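Each chain, letter by letter, is given below.
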Amino acid sequence: MFIATELNDIIELAESINVYNNGETSVYKQGETPYNQVVEGWVLLTENAHEMPAFGVSLNKQTISAMSTGLWVEFVFNKPYTHNEMPFEKLLVNVEKLSQGFNVIRYNAKGGYSGRCYYFDLVGNDMSHFYDILSDL
């Protein structure tokens, strides 16, 4: 199954996008140029990706700790959404330049970043272009 349409349609509904770069947070609201650049980069990143079973689950405490280093992008929604029968209010991705696949970590107010993730295989591509977009904001 290709990632694209359904999850990308939801991504484009994000109220804001948070970029965490080595512990520093930048927030971009819907309609702002950086927001649009991130969404366009995401669509390019995922256009040929395959959704696959996730390799594990997220644990809230460890995820929050990990967000203090590296590059992360978080899509924040104004209401809960569901994809593959798993609800979320935010979606978080650790963006590693040469990674050819990644987990999309779901956030819910009740349990934080705990629970099953989505996983996407970039089918021979990597995250370098998306990484560069986020790094240059």
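Residues numbered from 1 in each chain as written. Predicted model: local features only at pLDDT ≥ 70, side-chain atom pairs only at ≥ 80, totals over all residues. Heavy atoms only, no water.

*Asks:* Teacher, can you tell me more about the environment of Ile64 here?
*Replies:* With respect to the element layout, Ile64 can be found in helix H3 (residues 60-66). Its relative accessible area of 47% is what places Ile64 among the partly exposed residues. Sequence separation between Ile64 and Ile11 is 53 residues, and the spatial gap between their C-alpha atoms is 21 Å. (Helix = DSSP H or I, 4+ residues; strand = E, 2+ residues; numbered from the N terminus. Buried < 20%, exposed > 50% of the residue type's maximum accessible area, 1.4 Å probe, protein only.)

*Asks:* How do you make sense of helix H4 (residues 128-135) when you look at a structure like this?
*Replies:* Quick reminder: α-helices carry 3.6 residues per turn. Residues three or four places apart thus point the same way. If you check which residues of H4 are buried, you get Phe130, Ile133 and Leu134. When H4 is viewed along its axis, its buried side chains cluster within an angular range of 95° and face the same direction. The secondary structure elements touched by the buried residues of H4 are strand S1 (16-21), helix H2 (33-46) and strand S5 (71-83). (Arc of directions from axis to C-beta. Contact = heavy atoms within 4.5 Å.)

*Asks:* When you look at the packing of aromatic side chains in this model, what are you seeing that I'm missing?
*Replies:* Aromatic rings considered in pairs are described by the distance between their centres and by the relative angle of their planes. Under the definition given, this model contains nine aromatic pairs. Look at Phe77 and Tyr81: their rings are 5.4 Å apart centre to centre, the planes differ by 65°, and that puts the pair in the edge-to-face class. Pair check on accessibility: Phe77 and Tyr81 agree, each one buried. Ring centres of Phe102 and Phe120 lie 5.9 Å apart, and the angle between their planes is 45°; on these two criteria the pair is classed as tilted. One end of the pair, Phe102, is in strand S7 (residues 101-107); the other, Phe120, is in strand S8 (residues 115-121), and 18 residues separate them in sequence. Note on accessibility: Phe102 and Phe120 belong to one class, buried. Sitting above the plane of the Tyr107 ring, Lys90 keeps its charged end 4.5 Å from the centroid. (Phe/Tyr/Trp six-rings, centres within 6.5 Å; stacked < 30°, edge-to-face > 60°. Lys NZ or Arg CZ within 6 Å of the ring centre and 35° of its normal.)

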